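# Fold and contact review
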Amino acid sequence: MANALQSDAGDTNCLDFPAMRALWSLSVMAVLAACTSQDVGGPARSAAFPEFPENLFAAFEAACADPGQEFRRVEKGTFECRQLLPPETTAYLILNFDGYPQKLPESVIQLSSTQTAQGYQVDADMFLLVPQKSGRILKIAVKSPTLDRKLARLYRVAGGTPI
């Protein structure tokens, strides 16, 4: 997270994507220890920003450019990065959550912004999507106090106040 604020000119007003990559890597590592079989979303991870956090969303998109990752605009103000998981994690999820091997599970980090009277609220959600043999998709919340602390730090570096 120490590299979260940097640019080529040494400017500290630009959020670079190493912090987002660190958050992403940590979320994948937390998968095996944090999954539950509930088909519900996880805890809200939110922050208030006085203005739209352009730097946060730009870093989020830039951090989602590796092979096996896909950046998506879900709807206005909502973006997500989907990533295929390591083979061991994929196998674990397929075997333990009745997954369908022809459609692989994905890890998802979703960021959404909503304009408020005070500025903007950004909400993050982290979950796994496990396609089922039945055709439905099981959504598994990723719950991790470590991830929550990293995300709160990232929000502060981007100029937000965790709420």
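Each chain carries its own residue numbering, running from 1 in the written order of its sequence. Restriction of local features to residues with pLDDT of at least 70 applies here, the model being predicted, together with a cutoff of 80 or more for giving and counting side-chain atom pairs; totals for whole chains, interfaces and linings are based on all residues. To get the side-chain values, take all heavy atoms of the structure and skip hydrogens and water.

## Re the overall build of the chain
Rules: For helices the rule is a DSSP run of H or I covering at least 4 residues; for strands it is a run of E covering at least 2, with both sets numbered from the N terminus onward. Only protein chains enter the calculation, and the probe is 1.4 Å; a residue is then buried if its accessible area is under 20% of its type maximum, exposed if over 50%, and partly exposed in between. Two residues form a contact once any of their heavy atoms are found within 4.5 Å. Each accessible area is a Shrake-Rupley result for a 1.4 Å probe, and residues are judged covered by the shown protein chains and nothing else.
A tally of regular secondary structure across the chain gives four helices and seven strands. Its helices and strands taken in sequence order, the chain reads α-β-α-β-β-α-β-β-β-α-β from the N to the C terminus. Here the chain holds 163 residues, and 44% of them are scored as buried. Here the analysis covers contacts within the chain between residues at least 6 apart in sequence; of these, 65% occur between residues at least 24 apart. Accessible surface, the chain: about 8,500 Å² in total, of which carbon and sulfur atoms supply 52%.

## Description of the nonpolar core
For soluble globular proteins, nonpolar side chains are generally found buried alongside one another. To be explicit about the condition: As used in this record, nonpolar core signifies buried Ala, Val, Leu, Ile, Met, Phe, Trp, Tyr and Cys residues forming a set joined through side-chain atoms within 4.5 Å.
Grouped together as the largest cluster of nonpolar side chains are 26 residues, with contacts concentrated most on Phe49, Leu56, Leu93, Leu111, Val122, Ile140 and Tyr155. Mapped onto this core, the elements with two or more residues apiece are β1 (45-49), α2 (54-62), β3 (78-84), β4 (106-116), β5 (119-131), β6 (137-141) and α4 (145-157).

## Notes on the pairing of β4
Our working rule: For two strands to be treated as a pair, DSSP must find at least two bridges joining them.
Pairing of β3 with β4, which is carried by seven bridges, proceeds in the antiparallel orientation. Paired with Leu84 across the bridge in β4 is Glu106. Sheet analysis places β4 next to β5, joined by 11 bridges and oriented antiparallel. When the bridges of β5 are listed, Ser113 appears paired with Val122.

## Remarks on the pattern of salt bridges
Test applied: Salt bridges are counted wherever a side-chain nitrogen of Lys or Arg sits within 4 Å of a carboxyl oxygen of Asp or Glu.
As enumerated under the stated definition, the model contains six salt bridges in all. One salt bridge in this structure joins Arg82 and Glu106, with 3.1 Å as the shortest N-O distance. On the criterion of sequence distance, the pair formed by Arg82 in strand β3 and Glu106 in strand β4 is long-range, its members being 24 residues apart. Classification of Arg82 as buried rests on a relative accessible area of 15%. For Glu106, a relative accessible area of 18% gives the class buried. The partner of Asp98 in a salt bridge is Lys133, with the nearest N and O atoms 3.6 Å apart. Residue Asp98 is found in the loop between α3 (87-96) and β4, and its partner Lys133 is found in the loop between β5 and β6; the two are separated by 35 residues along the sequence. Judged by its relative accessible area of 56%, Lys133 is exposed. Residues joined by salt bridges that share partners form a network here, namely Glu80, Arg82 and Glu106.

## Things to note about the packing of aromatic side chains
The line we're drawing: Any two of the Phe, Tyr and Trp rings considered here, Trp counted by its six-membered ring, make a pair once their centres fall within 6.5 Å; the pair's planes then place it as stacked at under 30 degrees, edge-to-face at over 60, or tilted in between. A ring is scored as having a charge over it whenever the NZ atom of a lysine or the CZ atom of an arginine sits within 6 Å of its centre and within 35 degrees of its normal.
All told, the structure shown has seven aromatic pairs when counted by the stated rule. Pairing Phe52 with Tyr120 gives two aromatic rings, centres 5.3 Å apart and planes at 80°, and the pair type is edge-to-face. With Phe52 in the loop between β1 and α2 and Tyr120 in strand β5, the pair connects residues that are 68 residues apart, well separated along the chain. Taking relative accessible area as the criterion, Phe52 reaches 30% and is therefore assigned partly exposed. Here the aromatic residues Phe52, Phe57, Phe60, Phe71, Phe79 and Tyr120 are joined through ring pairs into a cluster of three or more. Above the ring of Phe127, the side-chain terminus of Lys139 is found at 4.3 Å from the ring centroid.

## Quick look at the pairing of strand β2 (residues 69-75)
Bridge analysis of β2 against β3 gives six bridges, and the strand direction is antiparallel. The residue bridging Arg73 from the neighbouring strand is Phe79, located in β3. Connecting β2 to the antiparallel partner β3 that follows it, the hairpin turn spans two residues, and Gly77 within it adopts a positive phi of roughly 80°.

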